[in-house]
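Residue-level listing of the chains:
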Amino acid sequence: SSSQYTGDVASFTWDTANSRLASAFSTAGYTITRNAPGAKKVSVVMSLDEVTATARWGYLNLKAGSHHIMIMISAATAYSDTRCIVRGADVHDVYIPGSIGTTDTRFEIQINPTSVVFYRNGAVISTYNGVFPSEIESVSLSRYSEVSSGTIYFKDLTVSPSISYADNFATDTTERYQ
């Protein structure tokens, strides 16, 4: 629900028929953020309504203090690429040809004890070998374009482990369990 997000929530609309977020491109960048304390694996599906001569960008960003792990996609008729970025104690910034078009593409970031692994449609596209210095606090989705036309879609944002609350049988009401 939109109540889980902060930022430019009004610039993203829910496409009920296709179960996805839609955001019309403009020359202003827009971002929505949700808390995701302790996230170790985050994935999202992105697609565009069309690929044009002018580049459009979509972002999946994990933040921990001043440190970031990011997948940035860009697409235009002349090129498309996926950029895998880790900014913290070290810098990892790798461009991989091919990224996204009008077909749904799943992007995933897996944080391991000694590495961060980036995936596109289940295949490893980049690995940062090093320890990410902080625990993830939040996850953001962003978009930007040099022209005000077209739409980017985000769906199936998955964050794990998800927040889980254990029942406290000593203090919870027993009626709930009867």
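Structure's up top.
This structure is a prediction, so every number in the text was calculated from the model and none was measured.

(A) Up close: the overall build of the protein. Assigned secondary structure in the protein consists of zero helices and 14 strands. When burial is assessed residue by residue, the protein has 46% of its 178 residues classed as buried. Within the protein, residue pairs in contact and separated by at least 24 positions form 64% of the contacts whose partners lie at least 6 positions apart. Carbon and sulfur atoms form 49% of the exposed surface of the protein, whose accessible area is close to 9100 Å².

(B) Spotlight on unusual backbone geometry. The omega torsion across serine 160 and proline 161 is -5°, close enough to zero to call that bond cis. In this fold, proline 161 is placed in the segment after β14 (151–160). With a phi close to 50°, asparagine 121 is a non-glycine residue in the positive phi region. Note on placement: asparagine 121 falls in the loop between β11 (115–120) and β12 (123–129). Residue asparagine 121 is classed as exposed on the basis of its relative accessible area, which comes to 53%.

(C) How the structure looks around the sheet that holds strand β10 (residues 105–112). The seven strands lie next to each other as β2-β3-β14-β5-β10-β11-β12, forming an open sheet whose pairing is antiparallel. Each edge of the sheet is formed by a strand with only one pairing partner; in this case those strands are β2 (13–15) and β12. The sheet shows a mean angle of 25° between the axes of neighbouring strands, direction not considered. In this structure, β10 lies alongside β11, joined through six bridges in antiparallel fashion. Pairing of isoleucine 111 across the sheet is with valine 116, part of β11.

(D) Main features of the packing of aromatic side chains. Taken as a whole and judged by the stated rule, the model has two aromatic pairs. The interplanar angle of 45° and the centroid separation of 6.3 Å between the aromatic rings of phenylalanine 12 and phenylalanine 154 together place this pair among those described as tilted. In this pair, phenylalanine 12 is assigned in the loop between β1 (5–7) and β2 and phenylalanine 154 in strand β14, connecting sequence segments 142 residues apart. One exposure class covers both phenylalanine 12 and phenylalanine 154, and it is buried. Cation over ring: arginine 20 sits above tyrosine 153, and NZ or CZ is 3.5 Å from the ring centre.

(E) Up close: the pattern of salt bridges. Counted according to the given criterion, the structure contains eight salt bridges. Among the salt bridges present, the one from arginine 56 reaches aspartate 49, with a minimum N-O distance of 3.8 Å. When salt bridges with common partners are traced through the structure, they connect Asp49, Glu50 and Arg56 into a single cluster.

(F) Quick look at the side chain of serine 47. The topology assignment puts serine 47 in strand β5 (residues 41–48). For serine 47, the side chain forms a polar contact with the side chain of aspartate 104, separated by 3.3 Å.

About the cut-offs
Residues numbered from 1 in each chain as written. Predicted model: local features only at pLDDT ≥ 70, side-chain atom pairs only at ≥ 80, totals over all residues. Heavy atoms only, no water. Helix = DSSP H or I, 4+ residues; strand = E, 2+ residues; numbered from the N terminus. Buried < 20%, exposed > 50% of the residue type's maximum accessible area, 1.4 Å probe, protein only. Contact = heavy atoms within 4.5 Å. Areas by Shrake-Rupley, 256 points an atom, 1.4 Å probe, with all protein chains shown as cover. Pairing = 2+ DSSP bridges. Axes fitted to C-alpha atoms, helices over the stretch in contact; angles between N-to-C directions. Phe/Tyr/Trp six-rings, centres within 6.5 Å; stacked < 30°, edge-to-face > 60°. Lys NZ or Arg CZ within 6 Å of the ring centre and 35° of its normal. Salt bridge = Lys/Arg side-chain N within 4 Å of Asp/Glu carboxyl O. Polar contact = N/O pair within 3.5 Å; in protein donor to acceptor, adjacent residues only side chain to side chain.

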